[in-house]
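Spelled out, the chains give:
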Amino acid sequence: MDINSILFPVLSIGGLGLVFGAGLGYAGKVFAVDEDPRIGQVTECLPGANCGGCGFPGCGGLAAAIVAGEAPVNGCPVGGAKSAAAISEVMGVTVEEKEREVAFVKCGGTCDLSANKYQYFGMSDCGMASQLAGGGAKGCSYGCLGLGSCVKACAFDAIHIVNGVAVVDDEKCVACGKCVKACPKSLITLIPASKQTRVSCNSKDTGKVVMSNCKVGCIACKICEKNCKFDAIHVIDNVAVIDYTKCKDCGVCAMKCPKKVIQNPRIKAMEEKKAKEAAAAKAEAEKKAPETPKAQEAPKAEGAMEAFKDVAAKHAEEDKKTE
């Protein structure tokens, strides 16, 4: 075998590789885009969740937007105040304090409190189920379908289906907004974590329709609106809506709501305590109560019978004497 037949191809390929490599290296320098070193520094300050809750494609996208001035330094809902403080140092700006938010599901129609129009046997996907007749199997066309699309979207294990309705764990929720986007019924919203007064209904139906579908639906009675001293709650499109910029979390609306649609843990605990105290007082009163009237009247009835017998006996004796 001629050595040239081997050496020539090797040298040719090697030479071509050298030329192309040099060309790519030159092109890399000529067309290079200088990246602001702060982008890398900001990226390091972010949690690296890449959840997209900020509205940008991952943490790198948010970092670039912050450096470019297209996003605020506290734009990461997952990192919160800690990340915001670190980024503000990198950017040399003062961070504005932002109240922590959590997701809230505006539906309390659990399996035992709401009705279904039909049984659903399809895929466990709320988006697909909502395309069926009536917006899904649930009697209320605005209610939670309970198929867990929000659960699948959450990367922080902060939302679960409990008794047919999605429930958020406030401690785990980072307000990334993924569940908000995943819900086809627009039931999930972000609210201030400090506010505990919440309306567990999103139905726009009239009161009569609501009552036929759900035991805990808003009937638009406006009792909450009339009793709020801070003008913080109004009935809009047949459902109570809270303005959290005005709400003082006093819980009066929750106390007055006849359908218990408005929830407040403090008011609920107080009502449960009163109910227990009332039940205990009733039980104690029943123990101390005297005998029933019927039991007391029994001796009187027996005495009357004896008196009747005596009178009858006297009359019988008188009749014998007369004879």
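Refer to the structure printed above.
Residues numbered from 1 in each chain as written. Predicted model: local features only at pLDDT ≥ 70, side-chain atom pairs only at ≥ 80, totals over all residues. Heavy atoms only, no water.

## Quick word on the overall build of the protein
In terms of helices and strands, the protein carries 12 helices and 8 strands. Put simply, of all contacts in the protein between residues at least 6 apart along the chain, 57% involve residues at least 24 apart. Accessible surface, the protein: about 20500 Å² in total, of which carbon and sulfur atoms supply 59%. (Helix = DSSP H or I, 4+ residues; strand = E, 2+ residues; numbered from the N terminus. Contact = heavy atoms within 4.5 Å. Areas by Shrake-Rupley, 256 points an atom, 1.4 Å probe, with all protein chains shown as cover.)

## Thoughts on the nonpolar core
Ranked by internal contacts, the top residues of the largest apolar core, which has 36 residues, are Val105, Ile159, Ile188, Val199, Ile233 and Ile262. Elements that contribute at least two residues to this core include exactly strand S1 (101-105), strand S3 (165-168), strand S4 (188-192), strand S7 (239-242) and helix H10 (252-256). When residues in this core are grouped by element, the largest group, 4 residues, is from S1. Of all hydrophobic cores here, the second largest spans 19 residues; its members include Cys59, Ala65, Cys76 and Val174. (Core = buried A, V, L, I, M, F, W, Y, C linked by side-chain atoms within 4.5 Å. Buried < 20%, exposed > 50% of the residue type's maximum accessible area, 1.4 Å probe, protein only.)

## Things to note about unusual backbone geometry
The phi torsion of most residues other than glycine is negative, and most of the peptide bonds are trans. The backbone phi angle of Asn163 is positive, close to 55 degrees, even though this residue is not glycine. As for its position among the elements, Asn163 is in the loop between strand S2 (159-162) and S3. By relative accessible area, which is 39% here, Asn163 ends up partly exposed. Of note in the backbone geometry, Asp249 takes a positive phi value of approximately 60 degrees without being a glycine.

## Description of the pattern of salt bridges
Under the counting rule described, the total for this entry stands at 4 salt bridges. A salt bridge links Asp36 to Arg38; its shortest N-O distance comes to 2.9 Å. Given a relative accessible area of 30%, Arg38 falls into the partly exposed group. Residue Asp157 is joined to Lys172 by a salt bridge in which the shortest nitrogen-to-oxygen separation is 3.1 Å. Here Asp157 is found in the loop between helix H6 (149-153) and S2, whereas its partner Lys172 is found in the loop between S3 and helix H7 (178-182), with 15 residues between them in sequence. (Salt bridge = Lys/Arg side-chain N within 4 Å of Asp/Glu carboxyl O.)

## With respect to the pairing of S2
Across a regular strand the side chains alternate sides, sitting on one face of the sheet and then on the other. For S2 and S3, the ladder comprises 4 bridges, and the chain directions are antiparallel. Looking at the pairing, Val162 lines up with Val165 of S3. Counting the residues in the hairpin turn of S2 and S3 gives 2 residues, including Asn163, whose phi is positive at 55 degrees. (Pairing = 2+ DSSP bridges.)

## Some details on the environment of Ile236
Considering the arrangement of structural elements, one finds Ile236 in strand S6 (residues 233-236). Along the chain, Ile236 and Lys222 lie 14 residues apart, while their C-alpha atoms are 9.8 Å from each other.

## Examining a nonpolar patch on the surface
Among the surface-exposed residues, Ile3, Leu7 and Leu11 lie close enough to one another that they form a single nonpolar patch of about 310 Å² accessible area. Residue placement: Leu11 occurs in helix H1 (residues 4-30). (Patch = residues over 30% accessible without salt bridge, like charges linked within 9 Å, V, L, I, M, F, W, Y side chains within 5 Å.)

## What to know about helix H3 (residues 58-67)
Burial within H3 is extensive, with 8 of its 10 residues counted as buried. Taken together, the buried positions of H3 are occupied by Gly58, Cys59, Gly61, Leu62, Ala63, Ala65, Ile66 and Val67. Among the structural elements, helix H2 (37-45) and helix H4 (80-91) are those in contact with the buried residues of H3. One or two positions beyond H3, positive phi appears at Gly69, with a value near 80 degrees.

## Quick notes on the packing of H2 against H3
Relative orientation of the contacting elements H2 and H3 amounts to 125 degrees, with a least axis distance of 8 Å. Compared by their axis directions, H2 and H3 come out oblique. Relative to H3, H2 is oriented so that their crossing is right-handed. Where H2 abuts H3, its residues Arg38, Ile39, Val42 and Thr43 lie against Gly60, Ala63, Ala64, Ile66 and Val67. Of the residues contributing to the contact of H2 with H3, the split by class is 6 nonpolar, 2 polar and 1 charged. (Axes fitted to C-alpha atoms, helices over the stretch in contact; angles between N-to-C directions. Parallel < 35°, antiparallel > 145°, perpendicular 65-115°, else oblique. Left-handed = near helix turned anticlockwise from the far one by under 90°. Nonpolar A, V, L, I, M, F, W, Y, C, P; charged D, E, K, R; others polar.)

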